[in-house]
Amino acid sequence: EVAQVAGGGTFVPLVFAPGEAFQFDWSEDWAVVGGERMKLKIAHFKLAHSRAFILRAYRQETHEMLFDAHNYALRVWGGVPARGLYDNMKTAVDKIGRGKDRVVNARFTAMASHYLFEPTFCNPAAGWEKGQVEKNVQDARRRVWQDAPAFASLVALNDWLEQRCLSLWHEVKHPEQRDRTIAEVWADEAPHLMPLPSPFDGFVEHTKRVSPTCLLAFERDRYSVPSPFANRPVSLRVYAERLVVVAEGEVIAEHARLVAQSHDRPGRTVYDWRHYLAIVQRKPGALRNGAPFAKLPLAFKRLQAILLTRPGGDREMAEILALVLHHDEQAVLCAVELALDSDGVSKQHVLNVL
């Protein structure tokens, strides 16, 4: 059992009841992801009674990563312990006062209130107060990272981490109940956890101004938004794996979040061609070399190759693409594919099939 320093080199063993507490910490570890050796931030969770531990990998230790990690860990455990034990990390504590006095971050407080657990923070430089998870960081380097394979993506790495942790629950003996595995003790602890609510909506919000090219910048990368919002301020809600753009109380765009790159690489741009349809209605010639249209669905690309050989083909193609604003996109694609199978494909032909 982890022990608490009581002074003079003496120790007091700590005992936790089922469902009483979990401990959390971050570590830094390395893995090969997408062909690149990458330094990762690892979120460690450990139930203080059963020692059921969970790891999740991120590129950063930001608020949205912390919220995502909690949503994930509590889902795997299937419930919520009464308390969470933390160090004084900046994503949780805005200011450290005397003794146990803390000014806790408002968004962190909102998450803890959502799940109804009580956050408890260690005294500065007193990591032994959550010694179980501190030990878990060291154990994970031997049990998990030492033999980790290469991964195609961060998603693949986290899928592997989940299965590896669950397997280890069945292999590792509980340090006190030595005739039982962590999984067996966790099965006894699970009914003592509080019911699991819906996941916390763990975003961080920023105000951004959209460029004249309908792009907003985030972490050196750029993401498109619908053209009517060019040159206007919008709200960007940042999640661990996605970005949501809100204006006038409505979601206007959503993108998968690019994994942060090293600073010596050029920024990337993510386009959604639908965001530029209003512009090509006015300027159909932009279809020919417009970057947002480089990755149109194959049926649209085939149709474009035909129509651009004809006078007025630019405008006709722009009008066909605009059909997705008023009809189901898959239905429009299907109509284009059927029209391509016949002679004399045109906008009117596509409309008739649609």
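Just so we're clear, the structure is a prediction, and the values are computed from it rather than from any experiment. (Residues numbered from 1 in each chain as written. Predicted model: local features only at pLDDT ≥ 70, side-chain atom pairs only at ≥ 80, totals over all residues. Heavy atoms only, no water.)

**Regarding the packing of helix H7 (residues 298-307) against helix H9 (residues 329-340)**
Here is step 1 of the chain: Two elements in contact, H7 and H9, have axes separated by 9 Å at closest approach and are oriented at 50°. The orientation of H7 relative to H9 falls into the category oblique. Considering only the axes of H7 and H9, their crossing is left-handed. The residues of H9 that touch H7, namely those facing Ala 299, Phe 300, Arg 302, Leu 303 and Ile 306, are Val 332, Leu 333, Val 336, Glu 337 and Leu 340.
Here is step 2 of the chain: Residues that form the contact of H7 with H9 fall into these classes: 8 nonpolar, no polar and 2 charged. (Axes fitted to C-alpha atoms, helices over the stretch in contact; angles between N-to-C directions. Helix = DSSP H or I, 4+ residues; strand = E, 2+ residues; numbered from the N terminus. Parallel < 35°, antiparallel > 145°, perpendicular 65-115°, else oblique. Left-handed = near helix turned anticlockwise from the far one by under 90°. Contact = heavy atoms within 4.5 Å. Nonpolar A, V, L, I, M, F, W, Y, C, P; charged D, E, K, R; others polar.)

**Focus: the environment of Val 244**
Here is step 1 of the chain: With respect to the helices and strands, the residue Val 244 is situated in strand S14 (residues 242-247).
Here is step 2 of the chain: Val 244 gets classed as buried once you look at its relative accessible area, which sits at 6%.
Here is step 3 of the chain: Taking the C-alpha atoms as reference points, Val 244 and Ser 113, 131 residues apart in sequence, are found 24 Å from one another.
Here is step 4 of the chain: When sequence neighbours within four positions are dropped, the list of residues in contact with Val 244 reads Ser 235, Leu 236, Arg 237, Tyr 239, Val 251, Ala 253 and Glu 254. (Buried < 20%, exposed > 50% of the residue type's maximum accessible area, 1.4 Å probe, protein only.)

**Considering the side chain of Asn 105**
Here is step 1 of the chain: Looking at the element boundaries, Asn 105 is found in the loop between strand S8 (102-104) and helix H2 (106-115).
Here is step 2 of the chain: A distance of 3.1 Å separates a polar side-chain atom of Asn 105 from the backbone nitrogen of Phe 108. (Polar contact = N/O pair within 3.5 Å; in protein donor to acceptor, adjacent residues only side chain to side chain.)

**Side note on the packing of aromatic side chains**
Here is step 1 of the chain: Tallying each qualifying case throughout the model produces 18 aromatic pairs.
Here is step 2 of the chain: A ring pair is formed by Phe 24 and Tyr 86, whose centres lie 5.8 Å apart and whose planes are at 45°; its orientation type is tilted. Of the two residues, Phe 24 sits in strand S3 (residues 21-33) while Tyr 86 sits in strand S6 (residues 83-86), which places them 62 residues apart along the sequence. The same class applies to Phe 24 as to Tyr 86, namely buried. (Phe/Tyr/Trp six-rings, centres within 6.5 Å; stacked < 30°, edge-to-face > 60°.)

**Considering the sheet that holds strand S10 (residues 204-209)**
Strands belonging to one sheet form pairs held by backbone hydrogen bonds; the direction of such a pair is parallel or antiparallel.
Here is step 1 of the chain: Sheet architecture is open: 4 strands sit in the order S10-S13-S14-S15, paired in antiparallel fashion. In this open sheet, the two edge strands, each paired with only one partner strand, are S10 and strand S15 (250-256). Going from strand to strand, the sheet's axes swing by 25° on average, the running direction of each strand aside. (Pairing = 2+ DSSP bridges.)

**Here we look at the pairing of strand S11 (residues 215-218)**
Here is step 1 of the chain: Pairing analysis gives 4 bridges linking S11 to strand S12 (residues 221-224), with the strands arranged antiparallel. Note on S12: the bridge partner recorded for Ala 217 is Arg 222.
Here is step 2 of the chain: Taken together, S11 and the strand that follows it, S12, pair antiparallel across an intervening segment of 2 residues, in which Glu 219 is found at a positive phi of about 50°.

**Digging into the sheet that holds strand S5 (residues 53-58)**
Here is step 1 of the chain: Strand order in this open sheet of 5 strands is S5-S4-S3-S6-S9, and the pairing throughout is mixed. A single partner strand is all that each edge strand has here, and the edge strands are S5 and strand S9 (118-121). If you compare each strand with its neighbour and ignore which way they point, the axes differ by 30° on average.
Here is step 2 of the chain: One ladder, built from 6 bridges, connects strand S4 (residues 36-47) with S5; its direction is antiparallel. Residue pairing in the sheet places Lys 46 in a bridge with Phe 53 of S5.
Here is step 3 of the chain: Packed onto the sheet, helix H1 (residues 63-77) meets S3, S4, S5 and S6 and runs at close to 150° relative to S5.

**A look at the environment of His 326**
Here is step 1 of the chain: Within the secondary structure, His 326 sits in the loop between helix H8 (313-321) and H9.
Here is step 2 of the chain: By relative accessible area, which is 67% here, His 326 ends up exposed.
Here is step 3 of the chain: Taking the C-alpha atoms as reference, His 326 lies 33 Å from Val 259; in sequence the two are 67 residues apart.

**Some details on the pairing of S12**
Where a strand is regular, its side chains alternate between the two sheet faces.
Here is step 1 of the chain: Relative to strand S16 (residues 269-270), S12 runs parallel, the two being bridged by 2 bridges. Within the sheet, the bridge partner assigned to Arg 222 lies in S16 and is Thr 269.

**Some details on the pattern of salt bridges**
Here is step 1 of the chain: In total, this model carries 22 salt bridges according to the counting rule given.
Here is step 2 of the chain: Here Glu 28 makes a salt bridge to Lys 39, at a shortest N to O gap of 3.9 Å. Pair noted here: Glu 28 is in strand S3 and Lys 39 is in strand S4, with a separation of 11 residues, a long-range link.
Here is step 3 of the chain: Exposure remark for Lys 39: the relative accessible area of 38% places this residue in the partly exposed category.
Here is step 4 of the chain: Its salt-bridge partner being Asp 68, residue Arg 56 comes within 3.6 Å of it at the nearest N-O pair. Pair noted here: Arg 56 is in strand S5 and Asp 68 is in helix H1, with a separation of 12 residues, a long-range link. (Salt bridge = Lys/Arg side-chain N within 4 Å of Asp/Glu carboxyl O.)

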